[in-house]
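Notes for the structure review
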Amino acid sequence: MRKFDKDRLLLGLAGPALALVVAFLLTSVVLLVSDRDPFEPYRIMVENAEFTDVQVLILNQTGTYYLAALAVAIGFRMNLFNIGVDGQYRLAAMLAAVVGASVELPGPLHVLLIVFVAMFVGAFWAGIAGILKTTRGVSEVVSTIMLNAIATSLIAWMILPANLGVQAEGSNDLTTGAIPESGWVPGLDVEGGTIYGFTFVAFALGVVYWFVLNRTRFGFDLRATGASDSAAQASGVDARKMVLTAMLISGAVAGLTGLPLLLGQTHTYSFSFPAGIGFTGITIALLGRNNPIGIFFAALLVAFLDKASASLDQFGYEKEIATIMQGLIVISVVVSYELVRQYGLRRQQQKVGEELAAQARTNKQEAVR
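Residues numbered from 1 in each chain as written. Predicted model: local features only at pLDDT ≥ 70, side-chain atom pairs only at ≥ 80, totals over all residues. Heavy atoms only, no water.

This is how it is decided: UniProt positions are given in the numbering used here, feature names are shortened, and annotations may be inferred rather than shown by experiment.
Going by an unreviewed UniProt entry, the chain carries the name ABC transporter permease and comes from Streptomyces lavendofoliae. Turning to the chain, the UniProt annotation filed under Subcellular location (unreviewed entry) states: "Cell membrane".

Below is the structure:
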């Protein structure tokens, strides 16, 4: 058993390690083809990451990416592809900001209200795709992509001053109004900046994710249904209910994605709120193999690429190099995981063959005696 666990751990690490190596090599090839130094950008990014202010930015970005990746991973464990995390997160952040700015409550209650609204909106928006899948068989890939576009248009309409938006005098920027200080989440002041308080909540949710998935009956049912809905159905699990539940939980976690930034820095929602985080979460969940620890390191890597590459253009390199690398990581993950899976199957077949041959030799020796 100990040997089997060791092999499984090595195979689990081989996939992301191979993906990263291939991505770095391909990025270096792109730089060479562009007549650039293939290693200089990496040195610059590492040096940038040595500054404490950049480290704070990386850690805060890691928390945001971690929440988005957890939302995606919950769907993946259920064999669902929730591409709508980006729309769920932005719509949830906007409406949570509207509610947060329109009420005044004691600190903890104010924060809890904002968190509840964000989770409810995210779950509601993801639940639409879940209902369509369980009642009409609509692919969640198609429905969540469409819901992303609807969310974008809905936000653009709701943030108008005639609806829920606020436009400061003399400014063209539309916001949802400022959340009172009672609705802020205090951060940790360190040298170089402030680590968002909700960043620590994000990492704590990783522990909750692991515990629920691996130590509860609900988590077992979720994983069993994701592996085979027909087998789960035969064992008494309501597969349709599990699909809908997984989409609701995934959406609720997606709704929390914008809160580190909303409650820790901006205290309002505007068009400058980052888009595309949900799609980055897909990359991170794939690279982290839906494991909370793996997702953390994958989120940390992608956050490093984002923040440490910001000054590349000052040295004659386009900062989009980091974006190219992230895209190559996605491609490399798919290829490397399949290679590792096939190698694992061959290893397993080889070991079974060796055990059968050893058993046959033992039986033959006993028969001779």
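Points about the layout of surface pockets
Empty pockets left among the atoms are what a rolling probe the size of a water molecule brings to light. Applied cut-off: A cavity here means a set of 1 Å grid points, computed over protein atoms only, where a 1.4 Å probe fits but cannot escape. A pocket is an open set with protein on both sides within 12 Å along at least 5 of 7 lines, and lining residues have an atom within 4 Å of a point. Grid points are joined across faces, edges and corners, and a volume is the space filled by probe spheres set on the points. Comment: elements are numbered from the N terminus, with helices defined as DSSP H or I runs of at least four residues and strands as E runs of at least two. Each residue gets one label: Ala, Val, Leu, Ile, Met, Phe, Trp, Tyr, Cys and Pro are nonpolar, Asp, Glu, Lys and Arg are charged, and the others, such as Gly, are polar. Domain ranges listed in this record stem from an automatic or a database domain assignment.
Its boundaries defined by the atoms lining it, the largest pocket holds a volume of some 1,400 Å³. Within the residue set of the lining of the largest pocket, elements represented by two or more residues are helix H1 (2-33), helix H7 (197-215), helix H13 (292-308) and helix H14 (321-368). Counting residues per element, the lining of the largest pocket draws most heavily on H14, at twelve residues. Per-class residue counts for the lining of the largest pocket are 21 nonpolar, eight polar and ten charged. The two domains that each donate at least three residues to the lining of the largest pocket are domain 1 (1-36 + 317-356) and domain 2 (60-312). Elements with a contribution of two residues or more to the lining of the second largest pocket: helix H3 (52-77), helix H11 (259-266), helix H12 (277-287) and H13.

Topic: unusual backbone geometry
Note the following rule: A simple rule labels every residue: compare its accessible area, found with a 1.4 Å probe on the protein chains alone, to the largest value its type can have, and call it buried under 20%, exposed over 50%, or partly exposed in between.
At Asp 35, a position not held by glycine, the phi torsion is positive, near 60°. Locating Asp 35 in the fold gives a position in the loop between H1 and helix H2 (40-48). The backbone of Asn 79 sits at a positive phi, close to 65°, despite the residue not being glycine. By the element assignment, Asn 79 lies in the loop between H3 and helix H4 (85-102). Judged by its relative accessible area of 58%, Asn 79 is exposed.

Some remarks on the packing of aromatic side chains
The cut-off we apply is this: Here is the rule: rings of Phe, Tyr and Trp (six-membered ring for Trp) pair when centre to centre is within 6.5 Å. Planes less than 30 degrees apart are stacked, more than 60 are edge-to-face, and the remainder are tilted.
Taken as a whole, this structure holds nine aromatic pairs when the rule is applied. With a centroid separation of 5.7 Å and 75° between ring planes, the pair formed by Tyr 66 and Phe 203 is classed as edge-to-face. Here Tyr 66 is found in helix H3, whereas its partner Phe 203 is found in helix H7, with 137 residues between them in sequence. Ring centres 4.8 Å apart and planes at 35° place the aromatic pair Tyr 269 and Phe 273 in the tilted group.

Quick notes on the packing of H3 against H13
As a reminder, the rule being used: With axes taken as lines fitted to C-alpha atoms, and helix axes fitted only over the stretch in contact, angles between N-to-C directions fall between 0 and 180 degrees. Throughout this description, any angle smaller than 35 degrees is read as roughly parallel, any larger than 145 degrees as roughly antiparallel, any in the 65 to 115 degree range as roughly perpendicular, and the remainder as oblique. Each crossing gets its hand from how the near helix is turned against the far one by less than a right angle, where anticlockwise is left-handed and clockwise is right-handed. Contacts are assigned to residue pairs with any non-hydrogen atoms lying within 4.5 Å of each other.
Their axes nearest at 7 Å, the elements H3 and H13 cross at an angle of 135°. Between H3 and H13, the angle is such that the two are oblique. Crossing handedness for the pair H3 and H13: right-handed. Touching Val 54, Leu 57, Ile 58, Gln 61, Thr 62, Tyr 65, Tyr 66, Ala 69, Leu 70 and Ala 73 of H3 are Pro 292, Ile 295, Phe 296, Ala 299, Leu 300, Val 302, Ala 303, Phe 304, Asp 306, Lys 307 and Ala 308, all from H13. In terms of residue class, the contact of H3 with H13 is built from 17 nonpolar, two polar and two charged.

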